Amino acid sequence: MTRTRILRLKINGHEREVAAEPNAILLDVLREGLGLTGTKRGCDMGTCGCCNVLLDGRPVNSCLVLAWDCEDREITTIEGLLPEDPGALHPLQEAWAETGGSQCGFCSPGFIVTAEALLREDPEPTETRVREALSGNLCRCTGYKKIVEAVLKAARSGRGVEVGS
Amino acid sequence: MILPAFELHHPTRLPELLELCRTLRAEGRDFDFVAGGTDVLPNYKNRLNPKGDLISLARLEGFDEIETNRIGARARIADLATSSVLGEHWPGLVEAARSIASPTLRNLGTVGGNLCLDTRCHYFNQSEFWRRSKGYCLKADGEDCLVVPQKKICYATYSGDLAPVFLVLDAVLDLAGPQGERSMPLREFYAFDGIRRFRKEPDEICLRIRIPKESEGLRTGYRKLRARDVLEYPVMGVAMGLRVAEGAVRDLRVAVTGSEAIPLHYGDLDLGNGIPPGEEGAEAVKRALLEWVKTYRNVPFPPGYRRAMAGEFGRELFMTLVSA
């Protein structure tokens, strides 16, 4: 018999409670249980990176994480990177807008969350390092050049970790 | 894609886990272990042999150490890929870890999970709809292998990247089950059947893998053929270890993944001692691999090309390691 449990999750610095069945994946709980729809569902198989979130500071594919495994762990979604000032953008989002890193925009949250983890670990990454860190994220519009430029721009400005860290 | 319904268990200590295995088995309930989830959960989403119970290792204490000669089964592949200690001693192991999937998947995937990766096949790794349309295969819901129809064993391809390097290093696996703990050379761990896969019992788990001191000093390397530089499983992977002494290559060890239902160690080839450390030796390694490696038409790239690449990888690795 499948049991539903109330999970207590630490999301974007806040404790949140949500009901989830044993087979619920983190992505479903974020989007449908908590309304955090910034995290996107792409391939649902771990191969596109659209659903990436930070789990204990590391970028992971939330479509392959069981929600029940996430209690007592720190989860950061794209919403958690936003500054408190309404309407303000995260420095990576600003760089994305300035370089044209988004076209349809569906993959952007996954890219930005993954880039944020990189800049926290390495505030001045090389282009090779950026490309390697983002290699699990797929974009079908931009061809990646502008995305890589956006991360390097945010890093050069020294703004990559000002917010949300 | 919604996962099938299952009960999820979270043991925190090994005795609790083993007791849980015993209880589930006594109740006739089939189960799988899940650690990183990067192999089990996509398969479950595709309704590939899902069980009614899943034992999550997410909260199990320990078995995540990374030391020179001892790596916990729960150690993250990302941590292996960035380990300076391992990079210094076993560069081939770090090369293999870095080649696995993507950085984000490596943050989830574990060493034990990679060693116990399910075998892969065109006719197996598909949606339920696809498989129903084509006709189910022996490995899931069907009665015949669609790759080698005359056979009653499964020819799905083993696709883990770490196993061939550990085979070259002559590693030993520590297992635990309701019957107690035991150790087994990795060379004896895999069973040539894409369904059964291992010589461990279903309720045994891998605790750690150990590299014997006798393997120290081996020069190691790993090469991998895949459709893209990231995210892809190996459709041919060659690991090599060797020593150079007194002007000759000695203690040459070669293992291959992405070819048959198990990773194969080619230790019984007559390549062992005194190989000239130049083109002549490299060509001998290549010829041996071309003779030895078998491939089937069940993963991307034609079998002949994959076999040819095994030879090329062997030749190139030999030259690289000799001059390292």
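About the criteria used
- Residues numbered from 1 in each chain as written.
- Chains lettered and ligands numbered in written order.
- Predicted model: local features only at pLDDT ≥ 70, side-chain atom pairs only at ≥ 80, totals over all residues.
- Heavy atoms only, no water.
- Pairing = 2+ DSSP bridges.
- Helix = DSSP H or I, 4+ residues; strand = E, 2+ residues; numbered from the N terminus.
- Axes fitted to C-alpha atoms, helices over the stretch in contact; angles between N-to-C directions.
- Contact = heavy atoms within 4.5 Å.
- Domains from an automatic or database assignment.
- Buried area = accessible area lost by both parts, 1.4 Å probe.
- Salt bridge = Lys/Arg side-chain N within 4 Å of Asp/Glu carboxyl O.
- Nonpolar A, V, L, I, M, F, W, Y, C, P; charged D, E, K, R; others polar.

## Some details on the sheet that holds strand S4 (residues 58-61) of chain A
All names here are of chain A. In space, the five strands of this open sheet follow the order S2-S1-S5-S3-S4, with mixed pairing throughout. Two strands in the sheet have a free side with no partner beyond their single neighbour: strand S2 (14-20) and S4. With strand direction ignored, the average angle separating the axes of adjacent strands in the sheet is 45°. Where helix H1 (residues 26-33) meets the sheet, its contacts fall on strand S1 (5-11), S2, strand S3 (52-55) and strand S5 (74-76), and the angle it forms with S2 comes to roughly 100°. Docked against the sheet, helix H3 (residues 108-121) engages S3 and S4, running at close to 35° with respect to S3.

## As for the domain arrangement of chain A
Residues and elements named next belong to chain A. What the domain assignment lists for chain A is domain 1 (5-79) and domain 2 (91-156). Computed over C-alpha atoms, the centres of domain 1 and domain 2 are 21 Å apart. Contact with domain 1, which involves 15 residues of that partner, is made by 14 residues of domain 2. Both faces combined, the contact of domain 1 with domain 2 buries some 1,100 Å², and carbon together with sulfur accounts for 67% of it. The tally of links from domain 1 across to domain 2 stands at zero salt bridges. For the side of domain 1 that touches domain 2, the element with the most residues is S3, which contributes three residues. By residue class, the composition of the side of domain 1 that touches domain 2 is six nonpolar, seven polar and two charged.

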